[in-house]
Structures are given as structure tokens and as C-alpha cells.
Amino acid sequence: MVVTIDLTYANDRMRNLILESISRNSPIDQNGYNIIMQDEPDLKRIKSRIEKLLDENDIRDFIVAENTEKENEIAILKKGDIEQLGIYLCTHCGVSFESEIQRIVHQRIHYIG
Ligand SMILES: [Zn+2]
């Protein structure tokens, strides 16, 4: 499957890090802010690779979020920007929602079973 990494909200350092270590052979779209990774078996795998990368580089102010609007898309977001963008993140798995209500409804699944 094709996984898109949205770097619109990342800074230059983040973009360079991801380009160098995650997406070396992947095409970048015209504006340079979306990396399209072909033949990726697993979105979660890419997500955890980026999370590891952030951790290794001691970057604490960015997070990796799954886009609920677009399938197989993850975005690098700056923590301070999230609320301004109207994005609500599940505190358990990092999936993003457009409203607080949606997030609360979703978060229940983590407590069931
Ligand atoms: Zn969740």
C-alpha cells in the first residue's frame, strides 16, 4: 500500500531527518511537504520508525499522528500547533480527530475488553 507522510507542519530539521533516514528512495510531491512511500506493508511500522527517530534525536516537541480523514496518511505535528489546527489526538494511540467528542468516543475502545 501507499503511505503518505505529511510534513506541512514540520520544520526544516524534522523534514531533513525524515528524508535522510526514513524515505531515502521515496518520491516527494511538488511542494516538498508530502513524502509518498510506495509498497509499504504497514502504516504502524512507519509511524513507530518516525517516533523512534524523534526519540533518538531528542526531539520532544513533535508527534506523529494518523490522519483520520485520509487513509494511510500520517502527519508530523508540533505539539503547540495541534490545538490551533483543531486536531484532537487520542492519548493512547495518537489517532487524530476533528472534535473532542469524536476523540472521547474513540478513546472508549481502549478501555473495553
Ligand atoms: Zn486510540
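All of the points below concern the structure found in this document. These numbers come from a predicted model, not from an experiment.

Before going further, it helps to examine helix α3 (residues 100–107). Every buried residue of α3 is accounted for by Arg-103, His-106 and Gln-107. The arc enclosing the buried residues of α3, seen along the axis, measures out at 95 degrees, which places them on a common side. Where α3 is buried, its residues meet β5 (88–89) and β6 (96–97).

What follows covers the side chain of Ser-96. Inspection of the secondary structure assignment puts Ser-96 in strand β6. A polar contact of 2.6 Å, which involves the side chain of Ser-96, links it to the backbone oxygen of Glu-66. If sequence neighbours within four positions are ignored, Ser-96 has contacts with Ala-65, Glu-66, Asn-67, Thr-68, Ile-87, Tyr-88 and Leu-89.

Next up on the list: the coordination of the zinc ion. Binding of the zinc ion to the protein goes through Cys-90 (SG), Cys-93 (SG), His-106 (NE2) and His-110 (NE2), at separations of 2.0 to 2.3 Å. We note that the donor set of the zinc ion lies within a single chain, spaced as C-x2-C-x12-H-x3-H. Here Cys-90 is found in the loop between β5 and β6, whereas its partner His-106 is found in helix α3, with 16 residues between them in sequence.

Here we come to the environment of Asp-29. Mapped onto the secondary structure, Asp-29 falls in the loop between α1 (12–21) and β2 (34–37). When neighbours within four sequence positions are excluded, Asp-29 is seen to be in contact with Asn-34 and Ile-36.

For the rest of this paragraph, the subject is the side chain of Asp-6. Mapped onto the elements of the fold, Asp-6 is located in strand β1 (residues 3–6). Here Asp-6 sits buried without a salt bridge, and the closest side chain of opposite charge, Lys-70, lies 5.8 Å off (N-O distance). Contacts of Asp-6, omitting those with residues within four sequence positions, involve Tyr-33, Asn-34, Glu-73, Ile-74, Ala-75 and Ile-76.

The next point concerns the pattern of salt bridges. This model, assessed by the stated rule, comprises nine salt bridges. Linking Lys-44 and Glu-66 is a salt bridge whose minimum nitrogen-to-oxygen distance equals 2.8 Å. Here Lys-44 is found in helix α2 (residues 43–56), whereas its partner Glu-66 is found in strand β3 (residues 62–66), with 22 residues between them in sequence. Under the relative-accessibility criterion, Glu-66 is labelled buried at 12%. Residue Lys-52 pairs with Glu-56 through a salt bridge whose shortest N-O separation is 3.2 Å. With Lys-52 and Glu-56 both in helix α2 and four residues apart, the pair spans about one turn of that helix. No difference in accessibility class separates Lys-52 from Glu-56, as the two residues are exposed. Salt bridges here are not isolated pairs; linked through shared partners, they connect Lys-44, Lys-47 and Glu-66.

It is worth spelling out the nonpolar core at this point. Core analysis: the biggest nonpolar cluster contains 20 residues, and Ile-5, Met-14, Ile-18, Ile-50 and Ile-76 have the highest contact counts within it. For this core, the elements supplying multiple residues, two or more each, are β1, α1, β2, α2, β3 and β4 (73–78). No other element matches the five residues that α2 contributes to this core. If near-sequence neighbours (up to four positions away) are discounted, Ile-76 is found in contact with Ile-5, Asp-6, Leu-7, Tyr-9, Ala-10, Met-14, Ile-18, Ile-50, Phe-62, Ile-63 and Val-64. Grouped together as the second largest cluster of nonpolar side chains are seven residues, Ile-63, Leu-77, Ile-87 and Leu-89 included.

About the thresholds
- Residues numbered from 1 in each chain as written.
- Predicted model: local features only at pLDDT ≥ 70, side-chain atom pairs only at ≥ 80, totals over all residues.
- Heavy atoms only, no water.
- Buried < 20%, exposed > 50% of the residue type's maximum accessible area, 1.4 Å probe, protein only.
- Helix = DSSP H or I, 4+ residues; strand = E, 2+ residues; numbered from the N terminus.
- Arc of directions from axis to C-beta.
- Contact = heavy atoms within 4.5 Å.
- Polar contact = N/O pair within 3.5 Å; in protein donor to acceptor, adjacent residues only side chain to side chain.
- Donors = N, O, S within 2.8 Å, 3.2 Å for Na, K, Ca; no water.
- Lys, Arg positive; Asp, Glu negative; His and termini not counted.
- Salt bridge = Lys/Arg side-chain N within 4 Å of Asp/Glu carboxyl O.
- Core = buried A, V, L, I, M, F, W, Y, C linked by side-chain atoms within 4.5 Å.

None of this, on its own, says anything about what the molecule does.
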